[in-house]
Amino acid sequence: MAASPALESSASLDSPPSLELSDSFEEFRRAASIDAITRLAREVLLDPTYPTVRAWTRAGRGAVGCFPVYTPQELIHSMGLLPVSLHGGGESVEISHADAPLGSFLCSISKSTLELAMTGLMAPFRAFVFPYICDVSRNLEGIFSRAVPNATTHMLHLPQNFQSKASVPFLVAEYRRLIAKLEKAGGEPYRPERLVESIELFNRQRAEIAQLTATQRAEPGKLTLTESYLIRRLGGLLPREVHLELLGRVRKELGARPNRRKDAIRVLLVGSFCEQPTLDLIDLIEQVGCYVVDDELLQLHRWYDRVEPSGDPLENLAATYVRSPVDIGVRAAPTTKAAAIRQRVDAADAQGVIFLTAKFCEPALEDVVLYRKALDERKIPYLHLEFEERSAAYEQSRLQLETFVESILFD
Ligand code: SF4
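Residues numbered from 1 in each chain as written. Predicted model: local features only at pLDDT ≥ 70, side-chain atom pairs only at ≥ 80, totals over all residues. Heavy atoms only, no water.

Comments concerning the pattern of salt bridges
Oppositely charged side chains are able to pair whenever their charged atoms sit close together. With the rule as written, the count across this model stands at 28 salt bridges. Between Arg251 and Glu208 there is a salt bridge; the shortest N-O distance is 2.7 Å. A residue pair is termed long-range when its members are at least 10 positions apart, and Arg251 in helix 11 (residues 240-256) and Glu208 in helix 9 (residues 192-218) qualify at 43 residues. On the basis of relative accessibility, which here comes to 15%, the residue Glu208 falls in the buried class. Several salt bridges converge on common partners, so that one network encompasses Glu20, Asp23, Asp47, Arg54 and Arg58. (Salt bridge = Lys/Arg side-chain N within 4 Å of Asp/Glu carboxyl O. Helix = DSSP H or I, 4+ residues; strand = E, 2+ residues; numbered from the N terminus. Buried < 20%, exposed > 50% of the residue type's maximum accessible area, 1.4 Å probe, protein only.)

Here we look at helix 8 (residues 167-184)
In this model helix 8 runs 26 Å from its N-terminal to its C-terminal C-alpha over 18 residues, within 8% of the 26 Å that 1.5 Å per residue would give. Along helix 8, the residues classified as buried are Ser167, Val168, Leu171, Val172, Glu174, Tyr175, Leu178, Ile179 and Leu182. Each buried residue of helix 8 lies within a common arc of 160° when the element is viewed along its axis, so the set occupies one face. Positioned one or two residues after helix 8, Gly186 has a phi angle of 100°, which is positive. (Expected span 1.5 Å × (residues − 1). Arc of directions from axis to C-beta.)

Quick look at the packing of helix 14 (residues 337-348) against helix 15 (residues 362-378)
Running from amino to carboxyl end, helix 14 crosses helix 15 at an angle of 60°, the nearest separation of the two axes being 9 Å. Comparing the axis directions of helix 14 and helix 15 gives the class oblique. Considering how the two elements wind past one another, helix 14 and helix 15 form a crossing that is right-handed. Two secondary-structure elements touch here, helix 14 through Lys337, Ala338, Ile341, Arg342, Arg344, Val345 and Asp346 and helix 15 through Asp367, Leu370, Tyr371, Ala374, Leu375, Glu377 and Arg378. (Axes fitted to C-alpha atoms, helices over the stretch in contact; angles between N-to-C directions. Parallel < 35°, antiparallel > 145°, perpendicular 65-115°, else oblique. Left-handed = near helix turned anticlockwise from the far one by under 90°. Contact = heavy atoms within 4.5 Å.)

A word on unusual backbone geometry
As a rule of thumb, non-glycine residues mostly have phi less than zero, and peptide bonds are mostly trans rather than cis. Looking along the chain, the bond that leaves Pro68 and enters Val69 is cis, with omega of 10°. Its location among the elements puts Val69 in the loop between strand 1 (63-66) and helix 5 (73-78). The backbone phi angle of Lys379 is positive, close to 55°, even though this residue is not glycine. Topologically, Lys379 is positioned in the loop between helix 15 and strand 8 (382-387). On the basis of relative accessibility, which here comes to 74%, the residue Lys379 falls in the exposed class.

Things to note about the pairing of strand 7 (residues 352-358)
Across a regular strand the side chains alternate sides, sitting on one face of the sheet and then on the other. Counting buried positions along strand 7 yields 7 of 7 residues, so the element is predominantly enclosed. Note: strand 5 (residues 265-270) against strand 7, 4 bridges, orientation parallel. Note on strand 7: the bridge partner recorded for Leu269 is Ile354. Relative to strand 8, strand 7 runs parallel, the two sharing 6 bridges. By the bridge assignment, Ala358 is partnered in strand 8 with Phe387. In this fold, strand 7 hands off to helix 15, which returns the chain to strand 8; that crossover is right-handed. (Pairing = 2+ DSSP bridges. Right-handed = clockwise from strand over helix to strand, strands pointing away.)

Remarks on the sheet that holds strand 3 (residues 127-131)
Overall, parallel pairing links the 4 strands, which are arranged 2-1-3-4 in an open sheet. The outermost strands of the open sheet, each flanked by one partner alone, are strand 2 (82-85) and strand 4 (152-156). On average, adjacent strands in this sheet sit at an angle of 25° to one another, irrespective of strand direction. Relative to strand 3, strand 1 is paired through 3 bridges, and the arrangement is parallel. Bridging from a neighbouring strand, Gly65 pairs with Phe128 of strand 3.

Quick look at helix 3 (residues 34-46)
If you check helix 3, its first and last C-alpha atoms are 18 Å apart, about what 13 residues at 1.5 Å a residue would give, namely 18 Å. Looking at helix 3, one finds that the buried residues are Ile34, Ala36, Ile37, Thr38, Leu40, Ala41, Val44 and Leu45.

Spatial relationships are all this shows, so hold off on functional conclusions.
This is how it looks when you write it as C-alpha cells:
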C-alpha cells in the first residue's frame, strides 16, 4: 500500500520503541507464566507502533482497527482479518498534529488515536471501524478518512432502542454494509459457516475471560487488577487463537496460586469503558487498599457471555448485542441506570464505587450523575476521579483514594 499524501508529509513519532514479534507470535506461545505474559503485555502496550499488528501484517494478512466500545469482531475475524481493539496512544504519545483538527475539550483517546494515524503509525491497518457511540467518535471517522486515505473507514451505527422489533434487522443491515466495505478492503468474502467458527472461537475466549474475572471477584488475593487488565487487554491485540491458548495457561496457574488476603475494601470501578486509565493509575487503586471486584475496563469482552452459533449467525450476533444487559452511557437507557448500579453493587458484594472517568467523556459523566443519585439513596459510598492518558502526577488522586478507603475501613 502506497503512503498517503497525509502520511508522507508527517513525521513519525520521535524514536518510538519498536518491539519486534515473530509472525507466529512464538513469544506469547512460549510465555509460560502470568509474570512472563504480563511483562510482554507491558512491552506491547508501551510501544505505539502496534507490534502485534506489524507481526500479523508482515505475512500479507490484513488488520482492522476497532474503536471502542463495540464492533462485531467475530465478523471481522471470519473474513480472515485481525480485529484490533484501539485504545489510543496511552502514555507514549505526545500530541503535536491531532490538536489541529480536534478541539481542546475532548477526551485523550480521540486525540492520541488520530495522532498515531497522522504520524504514520497506523499504516499497517487496512481498515478502521468507528461505532457511533458519541459525537467524538462520529467526527473521528470523517477525520480519519482524510488522515489515512488509503485505508477504508466505516461508521458503524448501533441501535439505541433495545425494545424495538426493528433493532435486530437494523443492526444486521449495518453489519452487511460493513461486510461490503471489508470485502473491498481485501477481506475474504463473507461466508456464514466461517462466521459460525469465529463465533465459537470468541465464545471460548469470552468464557475464559469470564472465569478470570470471576476469580478476581471471588478470590481477589489471587491476581492483581493490573495482571487481570494486561491479560484481558492482549485479547484485543493478539490473534484470538493465540490469546485463547494463553488464557488456558493463566487459568491453570491461578488454580494453584494462593489467595493472599490483605486489609482492603471491595469496590466497583465504573466509567472507563472507552478511554483507558494508565497502568500507574490502575496500580495505585490497588496499592491504596482496594480489591476491584467488578470493573468496566475493556468493554470488548463483556457485552455478552455467548452468541448462539446455530441458526443465522449474522442475526444471532445482532440479537445478542441488542439483548446485552450492559448498561453504560453509550447505550442510552437512563431510566434503568439506578437499578443497574445497585444490582451490580449487590452482585459483587461491593462496599463502595469508584467512578474513574476520562476527562471530557460526556457519556461517562452523564452516567455518574444518574449513578450518584441511586447510590446516595442507598447510602453506598463513592468517589469520583478523572484521568487523562498522559497524566503523570497522581498525588492528588492518591490522597483522595486513601481517604476514601480509610473512611470505609474504619467506619
Ligand atoms: S472517551 Fe468518551 S467521549 Fe471520548 S470517544 Fe470514548 S465515549 Fe466518546
